[in-house]
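Understanding the architecture of this molecule
Here is what each chain is made of, one letter per residue.
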Amino acid sequence: QWGPLAQTMLGMMLNNPKLLPDILLSVGPGPLVDWMGHFGALAAYEVLHRNSESIDDFRRMFPMDDKQRYLWRRKLEAWKYGSGNDYNMQ
């Protein structure tokens, strides 16, 4: 889940400002940039999942055959699972 991860990372950076340079020296810029791409994708999936009901309401204005509807449902599921919001703590 993007929100808790971002919040934790921000807290760590505020408590230890030297952390980012240490990480950069340890892993190098390439892996850090690669990881940031994944972090950005997690954020994008979070935004898409949070807005999926509105997006789906808009989509319903356009007819779909069974195959398209199946593929659309899988896309909505991908947003949910890709954002980490499939986890329910009970």
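Structure: above.
Below, the structure is looked at part by part. These figures come from a predicted structure and were not determined experimentally.

**Some thoughts on the pattern of salt bridges**
Within this structure, the stated rule accounts for 7 salt bridges. Between aspartate 22 and lysine 18 there is a salt bridge; the shortest N-O distance is 2.9 Å. Using a relative accessible area of 53% as the deciding quantity, one classes lysine 18 as exposed. Between arginine 60 and aspartate 56 there is a salt bridge, with the nearest N and O atoms lying 2.7 Å from each other. Note on aspartate 56: relative accessible area 5%, which makes it buried. Several salt bridges share partner residues, and in doing so they unite Asp56, Arg59, Arg60 and Arg73 into one network.

**Regarding helix H3 (residues 29-50)**
Taking 1.5 Å per residue as the helical rise, H3 with its 22 residues ought to reach 32 Å, and the 31 Å between its terminal C-alpha atoms agrees with that figure. Here the buried face of H3 lies against helix H1 (2-15), helix H2 (19-27) and helix H5 (66-82).

**A look at the packing of aromatic side chains**
Per the counting criterion, the structure on display carries 4 aromatic pairs. Note on tryptophan 35 and phenylalanine 39: the rings are 5.1 Å apart at their centroids and 15 degrees apart in plane angle, and the pair reads as stacked. Highlighted residues: tryptophan 35 and phenylalanine 39, both in helix H3, separated by 4 residues, approximately one helical turn. Taking the centre distance of 5.8 Å and the plane angle of 85 degrees together, the rings of tryptophan 72 and tryptophan 79 count as edge-to-face. An aromatic cluster is present here, built from Trp2, Trp35 and Phe39 joined pairwise through their rings. Geometry around tyrosine 70 places arginine 74 over its ring, the cationic atom sitting 4.6 Å from the centre.

**Some points on the packing of H3 against H5**
Between two packed helices, what matters for the description is the angle formed by their axes and the separation of those axes. Between H3 and H5, the least distance of the axes is 8 Å, while the angle of their chain directions is 125 degrees. The angle between H3 and H5 places the two elements in the oblique class. For H3 against H5, the interelement crossing comes out left-handed. Only Ala78, Trp79, Lys80 and Gly82 of H5 make contact with H3, whose side of the interface consists of Leu42, Tyr45, Leu48 and His49. Taken together, the residues of the contact of H3 with H5 sort by class into 5 nonpolar, 2 polar and 1 charged.

**Points about a nonpolar patch on the surface**
A contiguous nonpolar patch, built from Leu5, Trp35 and Met36 and spanning about 280 Å² of accessible area, is present on the exposed surface. Relative to the helices and strands, methionine 36 resides in helix H3.

**Remarks on the environment of leucine 14**
Secondary-structure assignment places leucine 14 in helix H1. Leucine 14 sits 11 residues away from glycine 3 along the chain, and the two C-alpha atoms are 16 Å apart.

Analysis parameters
- Residues numbered from 1 in each chain as written.
- Predicted model: local features only at pLDDT ≥ 70, side-chain atom pairs only at ≥ 80, totals over all residues.
- Heavy atoms only, no water.
- Salt bridge = Lys/Arg side-chain N within 4 Å of Asp/Glu carboxyl O.
- Buried < 20%, exposed > 50% of the residue type's maximum accessible area, 1.4 Å probe, protein only.
- Helix = DSSP H or I, 4+ residues; strand = E, 2+ residues; numbered from the N terminus.
- Expected span 1.5 Å × (residues − 1).
- Contact = heavy atoms within 4.5 Å.
- Phe/Tyr/Trp six-rings, centres within 6.5 Å; stacked < 30°, edge-to-face > 60°.
- Lys NZ or Arg CZ within 6 Å of the ring centre and 35° of its normal.
- Axes fitted to C-alpha atoms, helices over the stretch in contact; angles between N-to-C directions.
- Parallel < 35°, antiparallel > 145°, perpendicular 65-115°, else oblique.
- Left-handed = near helix turned anticlockwise from the far one by under 90°.
- Nonpolar A, V, L, I, M, F, W, Y, C, P; charged D, E, K, R; others polar.
- Patch = residues over 30% accessible without salt bridge, like charges linked within 9 Å, V, L, I, M, F, W, Y side chains within 5 Å.
- Areas by Shrake-Rupley, 256 points an atom, 1.4 Å probe, with all protein chains shown as cover.

The values reported here are purely geometric and, on their own, carry no functional implication.
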